[in-house]
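Secondary and tertiary structure notes
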Amino acid sequence: MAEGNGIRDLARYEYKYGFTTEIEAEAAPPGLNEDIIRLISAKKNEPSFMLEWRLKAYRHWLTMKEPQWANVHYLPIDYQAIVYYSAPKTERRPKSLAEVDPLLLATYGKLGIPLSEQEVLAGVAVDAVFDSVSVATTYKEHLAKLGIIFCAFSEAVQNHPELVQKYLGTVVPDSDNFFAALNSAVFSDGSFCYIPKGVRCPMELSTYFRINAPFIGQFERTLIIAEEGSYVSYLEGCTAPMRAEHQLHAAVVELIALDRAQIKYATVQNWYPGDSEGQGGIYNFVTKRGICAGVDSRISWTQVEVGSAITWKYPSVVLRGDNSIGEFYSVALTAHRQQADTGTKMIHLGRNTKSTIVSKGISAGYAQNTYRGLVKILKKATGCRNYTQCHSLLLGDRCGAHTFPSIEVQNASSRVEHEASTTKIGEDQIFYCRQRGLSAEDAVSLIVNGFCHEVFRELPMEFAVEAQKLLNVRLEGTVG
Amino acid sequence: MKDIGLVTDLYRSELSRFEREPAGTMPAWVQQLRQAAGARFADLGFPTTHHEEWRHTDVTPIVENPFSCAKRRPDITKAELEPAVSWAGPRHQLTFVNGHFSPLLSVLERLPQGVIAGSLADSCTISSNFLEPHLGRHANYEDQAFVALNTAFLNDGAFVYLPPNTMVEEPIFVVFVSCPNGEAAISHPRVLIVAGPSSRATVIESYLGLKDGLYFTNVVTEVVLGEEAVFDHHLLQQESRAAYHIATLAVHQGRNSTFTSHSLALGGALARTEVHGLLADEGSTCTLRGLYGATGRQHVGIHTRIDHAKPRCTSRQLYKGILSGHASGVFHGRILVRQDAHETDARQTNNNLLLSEDAVVHTTPQLEIFADDVKCSHGATVGQLDRDVLFYLRSRGLDLEDARRLMTQAFGSELIRFIAHDRIRNRFTELLPRWTSQTYSESFPA
């Protein structure tokens, strides 16, 4: 089989979202110090508790060391060369979409985000974050009628400081880890979402992140609070232009589900992965964690990771409420010289809590793909259940797939199952498809999609279609 | 993150004392090896729980106890040892007391032409050229502190050599007896087994604590298999419940060789077994099966690493743990498939049974794969006795205790049935229920 050919073909795949937008931006000088943090805070017109919180995080960050344990390799990051704040230049925050810079709207249009509410048609409420600031949030009024707050983080700080102060940092504390501390110190914007008691959010909420300016690090922060008995489904998408330098993306996402609340969080991550030689691309070092704080609550993470030069991400669930449920569904595709170290943590604190982990890793070219997971059942968490399955598919003989699960059980009434396997696509499977008239490429795409099906079906429809297409594009020509 | 390990002054002084001791008849290369390992240990120090591999194994008691090298000749009579070894009806038995070879307690009937089985210290002098290419070459003392420590204090142990095309039918029984005499003794036994091409043999390594007491056994076993060699290894660990036991088994396999190991680890306050298998040439097969049981406040750990360095090798691992009381267990298994090690077939399974509310288990099965034409899988479970089955057994007239005991035994016996040698299988089958009953009477007193 001409697999060598396939890999070359894959190299030719072009990153569709690699354009830049020439937009006037206002940026802070590169580097990080307390003044920059004060500047960010002042730009955002933040109340004093925010500035203090940021400075506390920054001082703590100074004492921390960059983590080395992940199975990824990269040159040291110069934190003083990063621009920590960049915003499209506008007089003030636009009041409505009509005021948003048309260039920006066009950018999101190119990305296929139905920002200018191709409205009722798309039916997805979007908060778009461009470099450091949130540029537009759609459907806000409609949601407000139900009492749902869905807005930019900076707006939430202005309009709902009590909520922000109550919940910010309760799931991912400012001192949690190196990148979370950095984020806490310098985060510039993000999305904020609050679903009041008993409300079922009628539409998918969505955030779209885009890095545009060069040398900038994007540090956004998302906070979702689902009050008692509420439900929300949330989508997140990301892209960035093609640049020869690496750019850092260190986001924090916090989810809080109270009694009987349910949060579904889906991500399609398609940051620029760098070129075939590993030049450029985004370092995606993200901390995502949710807490099932109330009884019978439920949090599910679904992620499709196809972009980024390096991904370092472990969406986790702390199952504190009794009978709560945590789920993690992941597809991680790495090609060329991409590296991904991703997985999840399920911390069972409450009784009869359940968690499910389904992880699918696909490696091609020279890529390295690692699943790293922790299932921890504490002593008082009796009657817990975990099921984990992680499968890896290898396309090419120079890539790697690694599985590092860790299971810790501290009582005798809980059950944990873990299974993992690593293989390549069977010749017989391809042969079967080909003799039914499919080209080798279609066969691979069919098999890979089947391999990922369990995860895709957890995604909302539009995203599932997008994810499937993305995967197909990235897989083009992997098998000859 | 590498923390600087701990080396207490005690070990430093013990090391320098040992270095100053007259080396006797040991050849120069052994002394060099000891010195290199000693220097390495001084750099490494004891691992702390900050080391990823030692995260769940706290060796502080080993570091803090003032262990000193075991007294040379404690008095053990044949009669005292008899009950623990007679099951094997041994015809080839090497006995070591506190790490030192005891010719009186050993039995060596006629071995086939050219086969060597004897004390390592003697062999170093007599058959130095057989040992030099292998001793200290397979167990890595560069980054494993306990291997470095053992190598630095390398003095005695067992040496088995099989010339090409020989077969030893009767198992070779290597017994390490620890008999503390009120002192906290440490011993560093070393085992080296060199199996020539197309040879075949069975070895049982047995660790016994004759009296209850505090002691520390830090053993390193190196097994080198030539082309087409078939080797059956068994490990029976029944140290005293106050003892510390750290064992490292390093296996180096040649082309088309077959290594099978069965282990039963029941003793020790802290017992850790590391198995490092290197499938160094095509077509070799490595099978590891082990059962570990712990109760009271015991800690038991199994750490395996199978390195598929060449194509077309097969590895199988099945480890089962039974944990009761306040015991903690660790299984840490890693399969590494190197680039171009195609047609690798590797499987790893770890099942754990938690019998009490206070028992803890940590299991970390890992796959690290750099080749695509492979079949690799692992599975791990943690659970308890199936209620439905318990109910069924009780409905058939068994009381709860018996039903539990029967199921626990069944859980373990799945593994024992694979043992090829009758007497060894019978011994394992005998020990398991004995241990189970004892555990039940301790954990669930009537």
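Residues numbered from 1 in each chain as written. Chains lettered and ligands numbered in written order. Predicted model: local features only at pLDDT ≥ 70, side-chain atom pairs only at ≥ 80, totals over all residues. Heavy atoms only, no water.

So, on to the overall build of chain B. Each helix and strand counted, chain B has 10 helices and 22 strands in total. Pairs at least 24 apart in sequence give 84% of the contacts found in chain B among residues at least 6 apart. Within the structure as shown, chain B displays about 16900 Å² of accessible surface, and the carbon and sulfur contribution to it stands at 49%. (Helix = DSSP H or I, 4+ residues; strand = E, 2+ residues; numbered from the N terminus. Contact = heavy atoms within 4.5 Å. Areas by Shrake-Rupley, 256 points an atom, 1.4 Å probe, with all protein chains shown as cover.)

Turning our attention to the overall build of chain A. In terms of regular secondary structure, chain A is built from 12 helices and 23 strands. Taking the contacts inside chain A whose residues are at least 6 apart along the sequence as the reference set, 84% of them involve residues at least 24 apart. Within the structure as shown, chain A displays about 17600 Å² of accessible surface, and the carbon and sulfur contribution to it stands at 51%.

We now examine the pairing of strand E6 (residues 191-195) of chain A. Residues and elements named next belong to chain A. For E6, the buried fraction is high: 5 of the 5 residues fall into the buried class. The alternating pattern of E6 places Ser191, Cys193 and Ile195 on one face and Phe192 and Tyr194 on the opposite face, and all of these are buried. Across 4 bridges, the pairing between strand E5 (residues 149-152) and E6 is antiparallel. Directly across from Cys151, in E6, lies its bridge partner Phe192. Where E6 meets strand E8 (residues 221-226), 4 bridges bridge the pair, whose relative direction is parallel. Paired with Cys193 across the strands is Ile224, a residue of E8. (Buried < 20%, exposed > 50% of the residue type's maximum accessible area, 1.4 Å probe, protein only. Pairing = 2+ DSSP bridges.)

Residue and element names in this part refer to chain A. Of note, Ser184 is situated in helix H9 (residues 178-186). The exposure class assigned to Ser184 is buried, which follows from its relative accessible area of 1%. At 2.8 Å, the side chain of Ser184 and the backbone oxygen of Ala180 are in polar contact. Ignoring any residue separated from it by four or fewer positions in sequence, one finds Ser184 in contact with Trp53, Arg54, Ala57, Asp174 and Arg221. (Polar contact = N/O pair within 3.5 Å; in protein donor to acceptor, adjacent residues only side chain to side chain.)

Bringing the packing of helix H2 (residues 34-43) of chain A against helix H3 (residues 48-63) of chain A into the picture now. Residue and element names in this part refer to chain A. At their nearest, the axes of H2 and H3 sit 10 Å apart, and the two run at 155° to each other. Of the possible angle classes, the one that applies to H2 and H3 is roughly antiparallel. Along this stretch, H2 crosses H3, giving a crossing that reads as right-handed. Only Leu51, Arg54, Leu55, Tyr58 and Arg59 of H3 make contact with H2, whose side of the interface consists of Glu34, Ile37, Arg38, Ile40 and Ser41. (Axes fitted to C-alpha atoms, helices over the stretch in contact; angles between N-to-C directions. Parallel < 35°, antiparallel > 145°, perpendicular 65-115°, else oblique. Left-handed = near helix turned anticlockwise from the far one by under 90°.)

All names here are of chain A. Applying the stated criterion to the full structure yields 10 cavities of 30 Å³ or more. In this structure, the second largest cavity spans a volume of roughly 90 Å³. Around the second largest cavity sit 14 residues that line it, and Ser359, Gly361, Asn369, Tyr371 and Ser392 are the ones nearest its centre. Put simply, the parts of the chain that give the lining of the second largest cavity at least two residues each are strand E19 (354-364), strand E20 (368-377), strand E21 (385-395) and strand E22 (400-409). Tallied by class, the residues present in the lining of the second largest cavity amount to 4 nonpolar, 9 polar and 1 charged. (1 Å grid on protein atoms, 1.4 Å probe; cavity = no way out; pocket = protein on both sides within 12 Å on 5 of 7 lines; lining within 4 Å. Points joined across faces, edges and corners; volume = space filled by probe spheres on them. Nonpolar A, V, L, I, M, F, W, Y, C, P; charged D, E, K, R; others polar.)

This paragraph deals with the pattern of salt bridges. Residue and element names in this part refer to chain B. Per the counting criterion, the structure on display carries 41 salt bridges over all chains. Here Arg190 ties to Glu222 by a salt bridge, and the two come within 2.8 Å at their closest N and O atoms. Here the residue Arg190 occupies a position in strand E9 (residues 190-195), and Glu222 occupies one in strand E11 (residues 215-225), the gap between them amounting to 32 residues. Under the relative-accessibility criterion, Arg190 is labelled buried at 0%. (Salt bridge = Lys/Arg side-chain N within 4 Å of Asp/Glu carboxyl O.)

Looking now at the packing of aromatic side chains. Inspection of the entire model under this criterion finds 34 aromatic pairs over all chains. A ring pair is formed by A:Trp61 and A:Tyr79, whose centres lie 5.5 Å apart and whose planes are at 75°; its orientation type is edge-to-face. You can see A:Trp61 sitting in helix H3 and its partner A:Tyr79 sitting in the loop between H3 and strand E2 (86-88), a full 18 residues away along the chain. By relative accessible area, A:Trp61 is classed as buried at 7%. With centroids separated by 6.1 Å and ring planes inclined at 90°, the aromatic side chains of B:Phe146 and B:Phe216 adopt a geometry described as edge-to-face. Taken together, the residues B:Phe146 in helix H7 (residues 145-152) and B:Phe216 in strand E11 connect sequence positions 70 residues apart. (Phe/Tyr/Trp six-rings, centres within 6.5 Å; stacked < 30°, edge-to-face > 60°.)

Bringing the interface of chain B and chain A into the picture now. On the side of chain A, 34 residues touch chain B, which itself brings 39 residues to the contact. In total, about 2900 Å² of surface goes out of reach between chain B and chain A, with carbon and sulfur atoms giving 46% of it. Looking at the side of chain B facing chain A, the largest losses of area belong to B:Glu357, B:Asp372 and B:Gln384, adding up to 21% of the total buried there. There are 2 salt bridges connecting chain B and chain A. Residue A:Lys379 is joined to B:Asp358 by a salt bridge in which the shortest nitrogen-to-oxygen separation is 2.4 Å. At the surface where chain B touches chain A, the tally comes to 16 residue pairs in polar contact (both at pLDDT 80 or more). For the side of chain B that touches chain A, the secondary-structure elements that each account for two or more residues are strand E21 (360-369) and strand E22 (374-383) of chain B. Grouping the amino acids of the side of chain B that touches chain A by side-chain chemistry returns 15 nonpolar, 14 polar and 10 charged. Looking at chain direction, E22(A) and E21(B) are connected through 6 bridges and run antiparallel. Bridging from a neighbouring strand, A:Thr403 pairs with B:Leu367 of E21(B). (Buried area = accessible area lost by both parts, 1.4 Å probe.)

Let's shift gears to the nonpolar core. One broad rule of soluble globular proteins: the nonpolar side chains tend to lie buried together. Counting residues in each nonpolar core, the largest one holds 100 residues, and the members touching the most others are A:Leu205 and B:Phe259. Apart from residues no more than four positions distant in its own chain, B:Phe259 is found in contact with B:Val223, B:Leu225, B:Phe231, B:His233, B:Leu249, B:Val251, B:Gln253, B:Thr285, B:Cys286, B:Thr287 and B:Leu288. Grouped together as the second largest cluster of nonpolar side chains are 55 residues, A:Trp53, A:Tyr85, A:Val186 and A:Ala309 included. (Core = buried A, V, L, I, M, F, W, Y, C linked by side-chain atoms within 4.5 Å.)

All names here are of chain B. Of all 10 residues in strand E15 (residues 270-279), 9 are buried, a share of seventy percent or more. Of the pairings in the sheet, the one linking strand E13 (residues 244-253) to E15 comprises 10 bridges and is parallel in character. Its bridge partner lying in E15, Thr248 is registered against Glu274. Taken together, the 10 bridges between E15 and strand E17 (residues 299-308) define a ladder with parallel strand orientation. Along E17, the bridge assignment pairs Glu274 with His303.

In this section: unusual backbone geometry. Residue and element names in this part refer to chain A. In this structure, Asn45 is a non-glycine residue whose phi angle is positive, near 55°. Position of Asn45 relative to the elements: it lies in the loop between H2 and H3. The exposure class assigned to Asn45 is exposed, which follows from its relative accessible area of 55%.

Think of an α-helix as turning once every 3.6 residues; residues three or four places apart then point the same way. Most of H7(B) is tucked away, with 8 of its 8 residues classed as buried. Of the positions making up H7(B), those classed as buried are B:Ala145, B:Phe146, B:Val147, B:Ala148, B:Leu149, B:Asn150, B:Thr151 and B:Ala152.

We now examine the environment of A:Ile40. Residue and element names in this part refer to chain A. Structurally, the position occupied by Ile40 is in helix H2. On the accessibility criterion, Ile40 (0% relative accessible area) is buried. Separated by 14 residues in sequence, Ile40 and Arg54 have C-alpha atoms that sit 9.9 Å apart. Apart from residues lying up to four places away in sequence, Ile40 is in contact with Arg54, Tyr84, Tyr85, Val186, Phe187 and Ser188.

The next point concerns the environment of A:Leu205. Relative to the helices and strands, A:Leu205 resides in strand E7 (residues 204-210). Separated by 62 residues in sequence, A:Leu205 and A:Leu143 place their C-alpha atoms 9.9 Å apart.

All names here are of chain A. Looking at chain A as a whole, its pLDDT mean stands at 82, while 80% of the residues score no less than 70. The element-level mean pLDDT for chain A is lowest in helix H5 (residues 119-122), coming to 39, with strand E16 (residues 316-319) highest at 96. Across residues 116-123 the pLDDT falls below 50, and counting only partners more than four positions away or on other chains, this stretch makes 11 contacts in the model. (pLDDT = per-residue confidence, 0-100.)

Moving on, we get to the packing of helix H10 (residues 427-435) of chain A against helix H11 (residues 440-456) of chain A. Each pair of packed helices can be described by the angle between their axes along with the distance between the axes. Residue and element names in this part refer to chain A. Put simply, H10 and H11 touch, their axes get as near as 9 Å, and they point 120° apart. Taken together, H10 and H11 sit at an angle that is classed as oblique. Like other packed secondary-structure pairs, H10 and H11 cross with a definite hand, here right-handed. Only Ala440, Ala443, Val444, Leu446 and Ile447 of H11 make contact with H10, whose side of the interface consists of Gln429, Ile430, Cys433 and Arg434.

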